[in-house]
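One letter stands for each residue in the lines below.
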Amino acid sequence: MLLLVMMVIVPLAGQAQERAVTASSPDWPVTIQSKLKELDLPDDALALAAVPLDGPGQSRFVNADRVMNPGSTMKLLTTYAALELLGPTFKWHTRVYTNGELKGDVLDGDLIFVGVGDPKLTEERLWKLLRDLRAYGIREVSGDLVLDGSYFQLPDGGLPRFDDDGDNPNAPFLVQPHALLTNLNLFHIQMMGRADRVQAWVEPVTEGLTLDNQLTLSKGRYCPSGRSLKVTHRVDERGDRVVTLKGAMPEGCRANRYLSLLDQGDYTAALLRGLWRQLGGEIHGANRFDRLPRGVDLLATTSSPDLVTMVRDINKWSSNVMARQLFLTIGAEHRLAGDPDDLAAARRTVREWMALKGMNPDQVVLDNGAGLSREARISPMEQIKMLQQAWRSPFAAELIASLPLVAMDGTMHNRLRDTGLRGEGHIKTGSLTNVRAVAGFTRDRDNTTWAVSAIVNTPSAWKGQAVLDQVLEAVHGLPAESATAVSRRDTGKAAPGG
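Procedures and definitions
Residues numbered from 1 in each chain as written. Predicted model: local features only at pLDDT ≥ 70, side-chain atom pairs only at ≥ 80, totals over all residues. Heavy atoms only, no water. Salt bridge = Lys/Arg side-chain N within 4 Å of Asp/Glu carboxyl O. Helix = DSSP H or I, 4+ residues; strand = E, 2+ residues; numbered from the N terminus. Buried < 20%, exposed > 50% of the residue type's maximum accessible area, 1.4 Å probe, protein only. Axes fitted to C-alpha atoms, helices over the stretch in contact; angles between N-to-C directions. Parallel < 35°, antiparallel > 145°, perpendicular 65-115°, else oblique. Left-handed = near helix turned anticlockwise from the far one by under 90°. Contact = heavy atoms within 4.5 Å. Nonpolar A, V, L, I, M, F, W, Y, C, P; charged D, E, K, R; others polar.

**A closer look at the pattern of salt bridges**
Applying the stated criterion to the full structure yields 23 salt bridges. Ionic pairing is found between Arg288 and Asp144, a salt bridge with its closest N-O pair at 3.0 Å. Placement of the pair is Arg288 in strand β18 (residues 287-289) and Asp144 in the loop between β9 (140-141) and β10 (145-148), with a sequence separation of 144 residues. Salt-bridge contacts for Glu424 lead to Arg443; the nearest nitrogen and oxygen are separated by 3.2 Å. Of this pair, Glu424 sits in the loop between α9 (396-402) and β20 (425-432) while Arg443 sits in strand β21 (residues 435-443), placing them 19 residues apart in sequence. For Glu424, a relative accessible area of 19% gives the class buried. Salt bridges linked by common partners bring Asp110, Asp144, Arg288 and Asp290 together as one network.

**A closer look at the packing of helix α5 (residues 307-317) against helix α6 (residues 320-333)**
Packing of α5 against α6 brings their axes to within 9 Å, and their N-to-C directions diverge by 140°. Looking at the two axes, α5 sits oblique to α6. α6 is crossed by α5, and the crossing has left-handed handedness. Each of Leu307, Met310, Asp313 and Ile314 in α5 lies in contact with α6, whose residues at this interface are Met322, Ala323 and Leu326. Grouping the constituent residues of the contact of α5 with α6 by class yields six nonpolar, no polar and one charged.

The following block contains the structure:
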């Protein structure tokens, strides 16, 4: 039986007397329990908490203390912590140095690129950075292209890789964080059906990557998705990557795929060389990975957008690698002598911050901060505590605005479109093989804002999205209450979730 409890605080003689009542309104125990039964999901697959923040209402809890895998709703914790620990105006500054001298238009020395973990150092920004070098008068570099990726101190043996069941190791969501990350480490392959052929091209243009276009025109009526076309890659005898495209598509159709094919250092080196060549320059030396030496001269700097902008990108579209870059940056900026690496430093720093915020760090497993994890854990109750603190934070507006708008944008743009919830909620979503989750802020029909956290953990979690949508609809449809509720959790012991 699905147990749902409401906690109501009734003032008596200047004191608050707490009493628990079983929910009886049909919008909660009946509709949600029937939806679980309809989808053949067990009652204990769902845990949720919903608490009013700025108006009347009765808090709802279902298995709210159960510690579960939250998927990407863990990004809420990382981004909120970052806003307070780093500040909303924090920026990443990527710099280029040299140990040589400019003789005419030749830089007699090395060109040294120092990465600092900028989560969104795009091809366009790199082009502008290199254009500044050309404007400075540099055309040729006689020495090496040196790349310094030492800003992050990573664990020995590297960061743990997420086990995606071996489906696609080159998928964008699996890109690992790195101080030298640029352009999200992705190649964008685009395909278009023309009158005489299917054209294909890849961006960015770099040496060492070629397309083997075996796509053919078809007379079909429907355009295939990029996923339905076969895209494979191999390394040829020269060590170059060859991407082979197979399949068919009609005239007028377009499709695309994103692939991560190189490690971050090699990708960034190839991108820098390709862009420099497009600007009419040449680097004669080799690629070399080393630390910035002393006695060098600063040539140019590119600064990222502020943290608020980054947080919006992370939460709206649930970027795993950007969230992981941000988590490691928290570690790098708060590293202490006793921290073995920046992942450990980030976990320590965020846990200490959580304790100051009244959360229980022992009920949370942060792992990599992005929720792309089989080990990450949090309960709806701890998420609610976080959301309550965020609501009172000086940076509440920045965090809330970063979350997807229900039925309008981000990962919520196709959900709840045929309901009255359009634009009524700012909700972060989470999705893994055995996980579906939502967390954020939404309003009821009387304009009271609620903090909501709901998590489904079960092997059939893909069916749980309908249940979570039902939860959000239920909150929105709540009737006005005469008593103001104060958050309390149910009394069951915390237990690990699926």
